[in-house]
Amino acid sequence: ATNIQRVFARMEQLELKADEVVVRQGSVGDYYYVIERGYCEVSRAIVGGRGQIHLADLGPGSAFGEEALIADAPRNATVTMLSDGRLMRLPKRDFDELILSHVLEPLDYEAAAARVADGAVWLDVRYPEEHANGGFAGSENI
């Protein structure tokens, strides 16, 4: 409970208008977001620049942005406001300290491989097409 209070204390409110882009595919992951009020669309550019594909609509209570922070990778989708709204956002350094450090146990490759040899499983939480284009052999995509 104390850690949750710290998370909320460090989040900042962000008022946005309909059609404003919150995060853009390919940009640096700098914040974790929670929708307080309003709705967002998640989309991804089609390879070859042939437009966008709709992935999801998100509403109050939904969160996004964690994948880029956890993987330390560029954003894999664009999130655009569908309506006026208010988001709460947590900077990456606070996300790492207050959330990531409490959920993940860092392991080097050798230690992780030893666990897999003892029955653990590699999990890949990326989109299925990302897993298909570069997942670990034998990993499960969820």
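(A) Examining the overall build of the protein more closely. Regarding its fold elements, the protein presents five helices and 10 strands. Taking the principal axes of the C-alpha coordinates as reference, the protein spans close to 50 × 45 × 20 Å. Pairs at least 24 residues apart make up 67% of the contacts formed inside the protein by residues separated by at least 6 positions. For the protein, the distance from the average position of its 14 positive side-chain charges to the average position of its 23 negative side-chain charges is 5 Å.

(B) Representation of the nonpolar core. Formed by 14 residues in total, the largest nonpolar core has its most connected members in Val22, Tyr33, Cys40, Phe64, Val79 and Leu87. Of all elements in the fold, only β2 (21-23), β3 (31-37), β4 (40-45) and β7 (78-81) reach the threshold of two or more residues within this core. When residues of this core are assigned to their parent elements, the largest contribution, three residues, is made by β3. Counting residues in each nonpolar core, the second largest holds eight residues, with Val7, Tyr32, Met88 and Leu98 among its members.

(C) Region of interest: the sheet that holds β7. Read from one edge to the other, the open sheet built from four strands follows the order β2-β7-β4-β5, with strand pairing classed as antiparallel. Edge positions in the sheet fall to β2 and β5 (52-58), since each has one partner strand and no second. Taken pair by pair, the neighbouring strands of this sheet meet at an average axis angle of 30°, ignoring direction. The pairing of β2 with β7 spans two bridges and is classified as antiparallel. In the sheet register, Val21 faces β7, and the bridge partner there is Thr80.

The rules behind these values
- Residues numbered from 1 in each chain as written.
- Predicted model: local features only at pLDDT ≥ 70, side-chain atom pairs only at ≥ 80, totals over all residues.
- Heavy atoms only, no water.
- Helix = DSSP H or I, 4+ residues; strand = E, 2+ residues; numbered from the N terminus.
- Contact = heavy atoms within 4.5 Å.
- Lys, Arg positive; Asp, Glu negative; His and termini not counted.
- Charge placed at Lys NZ, Arg CZ, Asp CG, Glu CD.
- Core = buried A, V, L, I, M, F, W, Y, C linked by side-chain atoms within 4.5 Å.
- Buried < 20%, exposed > 50% of the residue type's maximum accessible area, 1.4 Å probe, protein only.
- Pairing = 2+ DSSP bridges.
- Axes fitted to C-alpha atoms, helices over the stretch in contact; angles between N-to-C directions.

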